[in-house]
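Report on the structure
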Amino acid sequence: MAYSVNNPAGKVVQDVITDLPGLVAIAVVDVNSGMSLASHSNSPALNPDTAAAYNTEVVKQKQKAMSALKLQGESIQDILISLTNQLHLIRLNDNGSKFIYLVVNSRDTNLAIARDVLRSHANQLN
């Protein structure tokens with residue numbers, strides 16, 4: 001457990017764990033630095049802090065692609081990466097400065113519920 005509920009990022013991690021108790025891992029990440037502000041993993045094989053750094057690059061590359069395509073007035077809400085047995089979701093806050101990175105088991109989690117939980121908690125990071 002790498003979070004404290006005494007700060008907004010830690011509170012978001014705790015709230016998402018409460019809403020999705022079967023999650024594999026979660027991190028709240030600063031987009032500019034790629035650093036995890038709070039994280040938790042239920043799997044010793046998955047380090048959410050390492051994943052946070054790499055997923056920051058995913059977000060930045062998508063932002064560059066959007067800029068190159070001149071997608072005016074558009075912003076990233078979420079990114080879904082579907083693996084064989086897992087879903088990796090990235091949900092940005094409204095101003096795009098932070099994101100929640102969530103890993104869930106694809107067989108045990110309803111994607112719509114997971115996305116709704118992230119949407120509701122991402123607003124706490126503004």
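One can find the structure itself at the top, above this paragraph.
Before going into details, it helps to say that this report is about the structure given with it. (Residues numbered from 1 in each chain as written. Predicted model: local features only at pLDDT ≥ 70, side-chain atom pairs only at ≥ 80, totals over all residues. Heavy atoms only, no water.)

Below, the discussion takes up helix α1 (residues 8–19). With 12 residues, α1 should reach 16 Å at 1.5 Å per residue; the first-to-last C-alpha distance of 16 Å fits that figure. For α1, the complete set of buried residues consists of Ala-9, Gly-10, Val-12, Val-13, Asp-15, Val-16 and Ile-17. Contacts from the buried residues of α1 go to β1 (25–30), β2 (36–41), β5 (98–105) and α3 (111–122). Its side-chain oxygen placed 3.1 Å from the backbone nitrogen of Ala-9, Asn-7 serves as the N-cap of α1. (Helix = DSSP H or I, 4+ residues; strand = E, 2+ residues; numbered from the N terminus. Expected span 1.5 Å × (residues − 1). Buried < 20%, exposed > 50% of the residue type's maximum accessible area, 1.4 Å probe, protein only. Contact = heavy atoms within 4.5 Å. Polar contact = N/O pair within 3.5 Å; in protein donor to acceptor, adjacent residues only side chain to side chain.)

Moving on: the sheet that holds β2. Reading across the sheet, the five strands line up as β2-β1-β5-β4-β3 and stay open at both edges, with antiparallel pairing between neighbours. With one partner strand each, in any of the chains shown, β2 and β3 (78–82) form the two edges of the open sheet. With direction set aside, neighbouring strand axes in the sheet form an average angle of 10°. The pairing of β1 with β2 spans five bridges and is antiparallel. Looking at the pairing, Ala-25 lines up with Ser-41 of β2. In this fold α1 packs onto β1, β2 and β5, with an angle of close to 25° to the strand it touches most, β2. Strand contacts of α3: β3, β4 (86–92) and β5, with the helix running at about 25° to β4, the strand carrying the most contacts. (Pairing = 2+ DSSP bridges. Axes fitted to C-alpha atoms, helices over the stretch in contact; angles between N-to-C directions.)

The buried count for β1 comes to six of six residues, which makes it a mostly enclosed element. Neither face of β1 is left uncovered, since the one carrying Ala-25, Ala-27 and Val-29 and the one carrying Ile-26, Val-28 and Asp-30 both have all their residues buried. Counting the residues between successive antiparallel strands, the hairpin from β1 to β2 contains five residues, one of them, Gly-34, with a positive phi of roughly 80°. Examined bridge by bridge, β1 and β5 share six bridges and lie antiparallel to one another. Residue pairing across strands places Val-29 opposite Phe-99, the latter belonging to β5.

The next point concerns the side chain of Asp-30. By secondary structure assignment, the location of Asp-30 is in strand β1. We note that Asp-30 is buried and unpaired, the nearest opposite charge coming from Lys-98 at a distance of 5.2 Å. Filtering out sequence-adjacent residues up to four positions away, Asp-30 remains in contact with Met-35, Leu-37, Thr-56, Ser-97 and Lys-98. (Lys, Arg positive; Asp, Glu negative; His and termini not counted. Salt bridge = Lys/Arg side-chain N within 4 Å of Asp/Glu carboxyl O.)

These figures come from the coordinates and say nothing about function on their own.
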